[in-house]
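Architecture and fold: a report
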Amino acid sequence: MSQHANVPCEESDDQWLPLIEYSVRSGISTSTIRRKIKTNSIQFRLENGRYLILCATDKKPQTAAYSMVPKEEPIEVKSEAPVPVTPRAETKSANKMSSNSRYLPLIDRSVQMATEAYERALQEKDERIRLLNDQLREMRERLDELRSLVSALEDKYQVRY
């Protein structure tokens, strides 16, 4: 079984996060977090019907199957033509763009991870809605059966309620 990274929060103190927010920050699916809650292998509390998970600020290195923050890989720039010499103002602008583009893979990965977590949450909600609709259908069938039974008994004993 793989272990997940305990991703530290940026805040200075430990804080209690809603299950979905903890899932997004840690990269752990909500179903996995719920399993951890059932086995008491994660610190949680229940407030107003909502699970809150403790997001610790512990900075010690973790061994994990994956981490929320991807490793930064060096960006290889291949230049076909020689780079022209530019005035100082244009160089600053080029340096700023160059340093920003260095973070684009990290930003793209972060957006992708957030999107995946959101999609997982939506899938879980859709599954929950489907289960509740099935339960509602079964309850309506039971209610119809009970109404038929009451009607039959009323006819048999010639009583109306």
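Our subject in this report is the structure included herewith. (Residues numbered from 1 in each chain as written. Predicted model: local features only at pLDDT ≥ 70, side-chain atom pairs only at ≥ 80, totals over all residues. Heavy atoms only, no water.)

1. Focus: the sheet that holds strand β1 (residues 15-18)
This is how it is decided: Two strands are said to pair when DSSP picks up at least two bridges between them. Note on conventions: DSSP H or I runs of at least 4 residues are helices, E runs of at least 2 residues are strands, and numbering of each starts at the N terminus. In this analysis an axis means a line fitted to C-alpha atoms, helices contributing only their contacting stretch, and an angle means the value between N-to-C directions, from 0 to 180 degrees. In this description, contact between two residues means that some pair of their heavy atoms is separated by no more than 4.5 Å.
Read from one edge to the other, the open sheet built from 3 strands follows the order β1-β3-β2, with strand pairing classed as antiparallel. Each edge of the open sheet is held by one strand with a lone partner, namely β1 and β2 (44-47). Pairwise comparison of adjacent strand axes, ignoring direction, gives a mean angle of 40 degrees for this sheet. Pairing geometry for β2 and strand β3 (residues 50-55), over 4 bridges, is antiparallel. Note on β3: the bridge partner recorded for Glu47 is Arg50. The sheet contacts of helix α1 (residues 19-26) involve β1 and β3, and relative to β1 the element is tilted by about 100 degrees.

2. Focus: unusual backbone geometry
At Asn48, a position not held by glycine, the phi torsion is positive, near 50 degrees. Positive phi outside glycine occurs at Gln158, with the angle close to 50 degrees. Within the element layout of this structure, Gln158 appears in the segment after α3 (88-157).

3. Looking at the side chain of Ser23
With respect to the secondary-structure elements, Ser23 resides in helix α1. Excluding residues within four positions of it along the chain, Ser23 makes contact with Ile28, Ser29, Thr30 and Ile33.

4. Observations concerning the packing of aromatic side chains
The description of an aromatic ring pair uses the distance of the two centres, along with the angle that the planes make with each other. Defined as follows: Two rings belonging to Phe, Tyr or Trp (six-membered ring only in the last case) form a pair when the distance between their centres is within 6.5 Å. Interplanar angles under 30 degrees mark stacking, angles over 60 mark edge-to-face geometry, and anything in between is tilted.
The final tally for this structure, using the stated rule, is 1 aromatic pair. Judged by centre distance (5.7 Å) and plane angle (70 degrees), the rings of Phe44 and Tyr51 are edge-to-face.

5. What to know about the pattern of salt bridges
Our working rule: Salt-bridge detection follows one rule: a side-chain nitrogen of Lys or Arg within 4 Å of a carboxyl oxygen of Asp or Glu. Relative accessibility under 20% of the residue-type maximum defines a buried residue, over 50% an exposed one, and the middle range a partly exposed one, all with a 1.4 Å probe and only protein chains included.
Applying the stated rule across the entire model yields 7 salt bridges. A salt bridge links Glu141 to Arg137, with the shortest nitrogen-to-oxygen separation between them at 3.7 Å. Highlighted residues: Glu141 and Arg137, both in helix α3, separated by 4 residues, approximately one helical turn. Residue Glu141 is classed as partly exposed on the basis of its relative accessible area, which comes to 41%. In this structure Arg137 comes out as partly exposed when scored by relative accessible area, which is 43%. Salt bridges linked by common partners bring Glu127, Arg130, Asp134, Arg137 and Glu141 together as one network.

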